[in-house]
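Fold and geometry: a report
Residue strings, one per chain:
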Amino acid sequence: MTCTQQVTGKDGNRTQETQGSSVCPEDSASLEKHAPDFYLASSGFPFQQDYGPKVNFKKKKLKVDGFIGLPSFSQEIVQRMKAHSALEDFFPVEQCNLDYLPERGSAIDPHFDDWWLWGERLVSLNLLSKTVLSMSCDSEDSLQLFATLSQGRGESNHSASPQACQTHKPNNHTPTSACENLDSWEIDHSSPPRLIPYKEVTVDILLPRRSLIVLYRDARYKWKHAIYRKHIEHRRICVTFRELSAEFALGGKQEKLGKELLEIALTFQGKPV
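Residues numbered from 1 in each chain as written. Predicted model: local features only at pLDDT ≥ 70, side-chain atom pairs only at ≥ 80, totals over all residues. Heavy atoms only, no water.

**Digging into the nonpolar core**
Formed by 30 residues in total, the largest nonpolar core has its most connected members in Leu62, Met81, Leu87, Leu117, Val123, Phe241 and Leu261. Those elements that place two or more of their residues in this core are α2 (75-81), β9 (118-127), β16 (211-215), β18 (236-244) and α4 (255-265). Discounting residues that sit within four places of it in the chain, Leu117 has contacts with Val55, Phe57, Leu62, Glu243, Leu244, Ser245 and Phe248. Leu98, Cys137, Leu145 and Val201 belong to the second largest nonpolar core, which has 22 residues in total. (Core = buried A, V, L, I, M, F, W, Y, C linked by side-chain atoms within 4.5 Å. Buried < 20%, exposed > 50% of the residue type's maximum accessible area, 1.4 Å probe, protein only. Helix = DSSP H or I, 4+ residues; strand = E, 2+ residues; numbered from the N terminus. Contact = heavy atoms within 4.5 Å.)

**What about the pairing of β16?**
For β16, the tally of buried residues reaches 5 of 5 residues, placing the bulk of the element in the interior. Burial of the side chains of β16 extends over both faces: Ser211, Ile213 and Leu215 are buried on one face and Leu212 and Val214 on the other. Bridging between β9 and β16 involves 5 bridges; their strand directions are antiparallel. Its bridge partner lying in β16, Val123 is registered against Val214. (Pairing = 2+ DSSP bridges.)

**Here's the deal with unusual backbone geometry**
Even without being glycine, Leu128 reaches a positive phi, approximately 75°. Tracing the sequence through the fold places Leu128 in the loop between β9 and β10 (131-136). Positive phi, normally seen in glycine, also occurs at Arg217, with a value near 55°. Note that Arg217 resides in the loop between β16 and α3 (218-221). A relative accessible area of 37% places Arg217 in the partly exposed class.

**A short note on the packing of aromatic side chains**
One pass over the structure, following the stated rule, counts 6 aromatic pairs. Both rings, one in Trp115 and one in Tyr221, keep their centres 5.5 Å apart while their planes meet at 65°; by these two values the pair is edge-to-face. Placement of Trp115 in the loop between β8 (108-111) and β9 and of Tyr221 in helix α3 is noted, with a sequence separation of 106 residues between them. An aromatic cluster is present here, built from Phe112, Trp115 and Tyr221 joined pairwise through their rings. Above the plane of the ring of Tyr100 lies Arg236, whose end atom (NZ or CZ) is 4.8 Å from the centre. (Phe/Tyr/Trp six-rings, centres within 6.5 Å; stacked < 30°, edge-to-face > 60°. Lys NZ or Arg CZ within 6 Å of the ring centre and 35° of its normal.)

Put into C-alpha cells, the structure is as follows:
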C-alpha cells in the first residue's frame, strides 16, 4: 500500500509529489466496531477516548491508578504491527482514539506530541474513511527544489533535491524516505533550482482507510502534524499508539515505573480513563 505525499507552498502552488510506504493491516473491523464509544473532549476537537495513565504533562507527573491496560480489541492489531520490521520492537503503553465528524468541524492544529513520556515512534491507524495528514516545519532552513520532467508527458515540475531527501536508518528501523523514487526522475537542466523556506512548505500525506502510518526521527521531532477540516469529508477514527520515552525505558531514570506501565498496558484488559 502506498500513500501519496504532496508538498505545497503557502501560496497553494504544488512543489513536489512523491510516494512513500504505509502499513495496512488486512482487517481493522474489530476496532471499527467500537467506534461509537467516545466522549467529547472539547468544542471543535474530535471526540476522544484514552487508554493509558493519567498524565499532567506540564508538571511531568502521572498516575497509574485507574489504568488497567490497553483494550482487548487492540491486541490483534498490535501483534500484526509487529510483523512490520519498523515496529517489531514497538511496545505500546498508551492508546488514544479520536473520532472526527465533518458536521462538527473536527480538526487538530499543527503540533508536536509530548516527548517527556512518549517515545520516538507515533503509530496511527486510520479508520472509516480516508483523510490527509498535513506536516509543517518552522525551521529557518530552506528546501532545495530541482525541476523534473514528468514521465511520458515531458511536463516540468519542481521536486525536492537529494540533499533534502536523505534516507535514514535510526535504531534499526527500516529506512524510509519520501523521495525513494528520486533516481527514476528526470531532472530538467534547463530550469535553475530554487530554494523554498521549510516554513512555507506543507507536506500532505494521503491516508487511505485502514492504513497505518509511523512518524519518527524528523517527522516526530522536526515536523509538526495536523488534520485540517477540509480533509474530513466523512466520519473518521484515528487510533494512535504511543511507546515510552528513554527516561522510562531500560536504563532510564524512571525504568521501574516504565516497566509497571508496560506490564499493565499489555494485559489488554483496559477501559477508557
